[in-house]
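Overview (structure and organization)
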Amino acid sequence: MVSSGRDAWIKGRDASCPIRPAPPARPWRLVLLGAPGVGKGMQAELIAARLGPCRLSTGEVFRSASQLEPCDRTPALEAALESMRRGELVRDATVLALLRERVACLRCHGGFVLDGFPRTVGQAEALDEILRFERIRLDGVLSYEMPIAAVVQRLAGRRVCASCQAVFHVEAAPARTEGRCDRCGGELGLREDDLPAALRVRLLTYERTVAPLTRHYAGRGLLRPVSAVGSPEEVYGRTLTALGLAG
Ligand code: AMP
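Residues numbered from 1 in each chain as written. Predicted model: local features only at pLDDT ≥ 70, side-chain atom pairs only at ≥ 80, totals over all residues. Heavy atoms only, no water.

Digging into the site of the ligand
Around the ligand, the surrounding shell holds 16 residues, and the nearest of these are Thr58, Arg63, Glu88, Gly116 and Gln123. Within the backbone of Gly116, an N or O atom sits 2.9 Å from a nitrogen atom of the ligand. Here Arg119 contributes a side-chain N or O atom positioned 3.0 Å from an oxygen atom of the ligand. Protein chains bury 97% of the 480 Å² of accessible surface belonging to the ligand in isolation. Top element by residues in the shell around the ligand is helix 3 (residues 58–65). It accounts for 4 residues. Here the shell around the ligand is built from residues that sort into 6 nonpolar, 4 polar and 6 charged. (Near = heavy atom within 4 Å. Polar contact = N/O pair within 3.5 Å; in protein donor to acceptor, adjacent residues only side chain to side chain. Areas by Shrake-Rupley, 256 points an atom, 1.4 Å probe, with all protein chains shown as cover. Helix = DSSP H or I, 4+ residues; strand = E, 2+ residues; numbered from the N terminus. Nonpolar A, V, L, I, M, F, W, Y, C, P; charged D, E, K, R; others polar.)

Laid out in structure tokens, this is it:
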């Protein structure tokens, strides 16, 4: 299981990160919303690399857990992985247990960028409560927006490394050697939940859940809509503008 130095997040429980980040001048604490394939994982990576916060992706935790031996999986984790394979959301209780086990990552002085969490209003309310308890304030909720037809086209070209989970795109961000990861040489392939049947379910689920979630954050004055159309750098430029950092 590769964790790119984010052991505390990927492994949870008592794991700690091998390298503690130096406190950045400003520790950003952000939530990223957007349809599957809209490119929010890429934006989370860029924000993490350039502004310092750690990328905390719940989907990545589930994908790493899927590499555990079956005997090391709890029934709740088995059920979560089955939901993921079908493209459905994992139960709130399971996702929230995962987050609570990793609350130290929210406290980290490097800041955080939550990618793929929250997905429901129940999760958003639970996050509000955890942050209130921890006296942590969110700086903003970036909502990446793109027409669904463009999202489907993007997902068809997405390729993910089976070992380190680095993400490529056959057109927008191709690997140097076709089918091989630039970072670790691992094999590139489609994510199981990018296969057409699961993808349909994921997009329908997203359409059903996005409006209440954006209302939740708009009502708190935190929502920052960002157009996700264009290259990763173009979208990152808009991200900086949305955070008041452009120019
Ligand atoms: P992602 O990598 O964020 O697209 O997540 C991949 C899959 O993991 C989703 O389709 C869900 O099955 C599951 N998942 C990740 N995060 C959550 C969440 N916050 N709530 C429910 N399910 C989640």
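Some thoughts on the sheet that holds strand 6 (residues 167–169)
An order of 6-5-7 is seen for the 3 strands of this open sheet, with the pairing classed as antiparallel. Looking at the sheet topology across the chains shown, the edges are occupied by strand 6 and strand 7 (188–189). The pairing of strand 5 (residues 158–161) with strand 7 spans 2 bridges and is classified as antiparallel. For Val160, the partnering residue across the bridge sits in strand 7 and is Gly189. Packing of helix 8 (residues 148–156) onto the sheet brings it into contact with strand 5 and strand 6, and relative to strand 5 it is tilted by some 45°. (Pairing = 2+ DSSP bridges. Contact = heavy atoms within 4.5 Å. Axes fitted to C-alpha atoms, helices over the stretch in contact; angles between N-to-C directions.)

Topic: the pairing of strand 1 (residues 29–34)
With 6 of 6 residues buried, strand 1 lies mostly within the body of the structure. Burial along strand 1 is two-sided: Arg29, Val31 and Leu33 and Leu30, Leu32 and Gly34, pointing in opposite directions, are all buried. Sheet topology places strand 1 next to strand 3 (residues 112–115); 4 bridges connect them, and they run parallel. Along strand 3, the bridge assignment pairs Val31 with Leu114. Bridge count between strand 1 and strand 4 (residues 140–145): 5 bridges; the pairing is parallel. Across the sheet, Leu32 pairs through a bridge with Leu142, a residue of strand 4. (Buried < 20%, exposed > 50% of the residue type's maximum accessible area, 1.4 Å probe, protein only.)

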